[in-house]
Amino acid sequence: QVPLVQSGGGSVQAGGSLRLSCAASGRTFSSYNMGWFRQAPGKEREFVAGISYSGGYTYYTDPVKGRFTMSRDNAKNTVYLQMDSLKPEDTAVYYCAANKDPDYGRRHNLAVVYDYWGQGTQVTVSS
């Protein structure tokens, strides 16, 4: 089990910034690949960003490239999603997730490969 506890989020105007955090308990956090997903009302959950267990590889969906940055601090068992230049279409509930998929480089965007999920946090961007 890898309990994931999210913090951050909230409401911001378009063009603003927010940072999401996802903290894990346990000693094996550094062996987990981590991802961020989001789900807007009436839409499917979609991949936003991912980072390999070592932090050496990061992945982003095209709509957030250049605006969002995912990072991790294995000493603090925490991953972050820095979101800049936010747009109204970024409005959604954001979820962090963890997995140990050995083929993460190819499957990082698939929700089904993630074993553990955070509780979700609302991000609202107004125009």
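Shown above is the structure to which this text applies.
Cut-off values and rules
Residues numbered from 1 in each chain as written. Predicted model: local features only at pLDDT ≥ 70, side-chain atom pairs only at ≥ 80, totals over all residues. Heavy atoms only, no water. Phe/Tyr/Trp six-rings, centres within 6.5 Å; stacked < 30°, edge-to-face > 60°. Buried < 20%, exposed > 50% of the residue type's maximum accessible area, 1.4 Å probe, protein only. Lys NZ or Arg CZ within 6 Å of the ring centre and 35° of its normal. Disulfide = S-S within 2.5 Å. Helix = DSSP H or I, 4+ residues; strand = E, 2+ residues; numbered from the N terminus. Salt bridge = Lys/Arg side-chain N within 4 Å of Asp/Glu carboxyl O. Pairing = 2+ DSSP bridges.

Q: I keep staring at the packing of aromatic side chains and nothing clicks. Help me out?
A: For any pair of aromatic rings, geometry is given as the distance between the ring centres together with the angle between the planes. Per the counting criterion, the structure on display carries eight aromatic pairs. Taking 6.0 Å as the distance between ring centres and 55 degrees as the angle between the ring planes, the aromatic pair formed by Tyr114 and Trp117 counts as tilted. Relative accessible area serves as the criterion here: at 27%, Trp117 is assigned to the partly exposed category. Members of the aromatic cluster, connected to one another through ring pairs, are Phe37, Phe47, Tyr59, Tyr95, Tyr104, Tyr114 and Trp117. Above the face of the Tyr95 ring, Arg45 is positioned so that its terminal group lies 3.9 Å from the ring centre. In this structure, Arg72 is placed above the aromatic ring of Phe29, and the distance from its NZ or CZ to the ring centre is 4.6 Å.

Q: What am I meant to see in the state of the cysteines here?
A: In protein chemistry, a disulfide is the covalent bond that joins the sulfur atoms of two cysteines. The tally for this structure, following the rule as stated, stands at one disulfide. One disulfide bridge connects Cys22 with Cys96, the sulfur atoms lying 2.0 Å from each other. Here the S-S torsion is close to 60 degrees, and the disulfide linking Cys22 with Cys96 is therefore right-handed. In this pair, Cys22 is assigned in strand E3 (residues 18-24) and Cys96 in strand E9 (residues 92-99), connecting sequence segments 74 residues apart. For the residue pair Cys22 and Cys96, the accessibility class agrees, reading buried in each case.

Q: Hey, could you run me through the pattern of salt bridges in this one?
A: Pairing is possible between side chains that carry opposite charge, provided their charged atoms lie close to one another. Going through the model one piece at a time under the given rule, you end up with six salt bridges. With a shortest N-O distance of 3.0 Å, Asp90 and Arg38 are connected by a salt bridge. Pair noted here: Asp90 is in the loop between strand E8 (78-83) and E9 and Arg38 is in strand E4 (residues 33-39), with a separation of 52 residues, a long-range link. Assessed through its relative accessible area of 6%, Arg38 is described here as buried. Through salt bridges with shared partners, a single ionic network connects Arg38, Glu46, Arg67 and Asp90.

Q: Help me understand the pairing of strand E5 (residues 46-51), please; the structure alone is not making it clear to me.
A: Consecutive side chains of a regular strand alternate in pointing toward one face of the sheet and then the other. With five of six residues buried, E5 lies mostly within the body of the structure. Both E4 and E5 contribute to a ladder of five bridges, which runs antiparallel. By the bridge assignment for E5, Trp36 is matched with Ala49. Following E4, the chain reverses through six residues before pairing antiparallel with E5; Gly42 in that reversal takes a positive phi of roughly 80 degrees. Sheet analysis places E5 next to strand E6 (residues 58-60), joined by three bridges and oriented antiparallel.

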